[in-house]
Amino acid sequence: DPVHALDAIEAESRVRVLVTGVQFPPGVLNGAALARMLRFRKAGIAVVFVAPPEDYRHIDELGEFLALPLEHEVLAETVERLMQSGEGPSQQD
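Residues numbered from 1 in each chain as written. Predicted model: local features only at pLDDT ≥ 70, side-chain atom pairs only at ≥ 80, totals over all residues. Heavy atoms only, no water.

S.K.: Explain the overall build of the chain to me, using residue names and the numbers behind them.
M.R.: Helix and strand counts for the chain stand at three helices and three strands. Sequence-ordered secondary structure for the chain, helices as α and strands as β, is α-β-α-β-β-α. What you see for the chain is a C-alpha radius of gyration of 13 Å, in line with the 12 Å of a compact globule of 93 residues. Each principal axis of the C-alpha atoms in the chain carries an extent, and together these give about 35 × 30 × 20 Å. Going through the 93 residues of the chain one by one, you find that 37% of them count as buried. For the chain, contacts bridging at least 24 residues in sequence account for 57% of all contacts bridging at least 6. (Helix = DSSP H or I, 4+ residues; strand = E, 2+ residues; numbered from the N terminus. Rg over C-alpha atoms; globule rule 2.2 N^0.38 Å. Buried < 20%, exposed > 50% of the residue type's maximum accessible area, 1.4 Å probe, protein only. Contact = heavy atoms within 4.5 Å.)

S.K.: Describe the environment of G63, naming the residues involved and giving the relevant values.
M.R.: Assignment of secondary structure puts G63 in the loop between strand 2 (46-51) and strand 3 (64-67). The contacts of G63, once residues within four sequence positions are left out, are R39, V47 and F49.

S.K.: Break down the sheet that holds strand 2 for me, with residues and values.
M.R.: The sheet built from three strands is open, its strands ordered 1-2-3 with parallel pairing. Of all strands in the sheet, those bounded by a partner on one side alone are strand 1 (17-20) and strand 3. Taken over all neighbouring pairs, the strand axes of this sheet differ in orientation by 20° on average, direction set aside. Bridge count for strand 1 against strand 2 is four bridges, and the pairing is parallel. Residue pairing across strands places L18 opposite V47, the latter belonging to strand 2. Each of strand 1 and strand 2 is contacted by helix 2 (residues 31-41), which is oriented at about 175° to strand 2, the strand it contacts most. (Pairing = 2+ DSSP bridges. Axes fitted to C-alpha atoms, helices over the stretch in contact; angles between N-to-C directions.)

Such coordinate-based values are descriptive only and should not be taken to indicate function.
The structure is reproduced here in C-alpha cells:
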C-alpha cells in the first residue's frame, strides 16, 4: 500500500531509494503520486519504477524506469548505483 510505504519511509530516516510500481488498484495512490509526495516530504530520495513499458509515460521524470520483464540483477545494480551516486538523503538524515 503506497500510503503505508509513505508513512514507513517518513519514519525511517535511512531510506535512500524507493522501488515502486506505477499503477495500483483503483482508489489507491499510484507510484508517480507517491514519488511526488516523497520528493516534497523527504527531498532527495531516489525512486526506481518497475513497471510494464507502457507505464513509462506516467512517471514524468520522477526517477529511474525499469521495464518489465526485468532481471533481478538489473534492479540491484540500479539501486546500488543510485546509493553510491549520492542521490537520495544523506545517511545522516
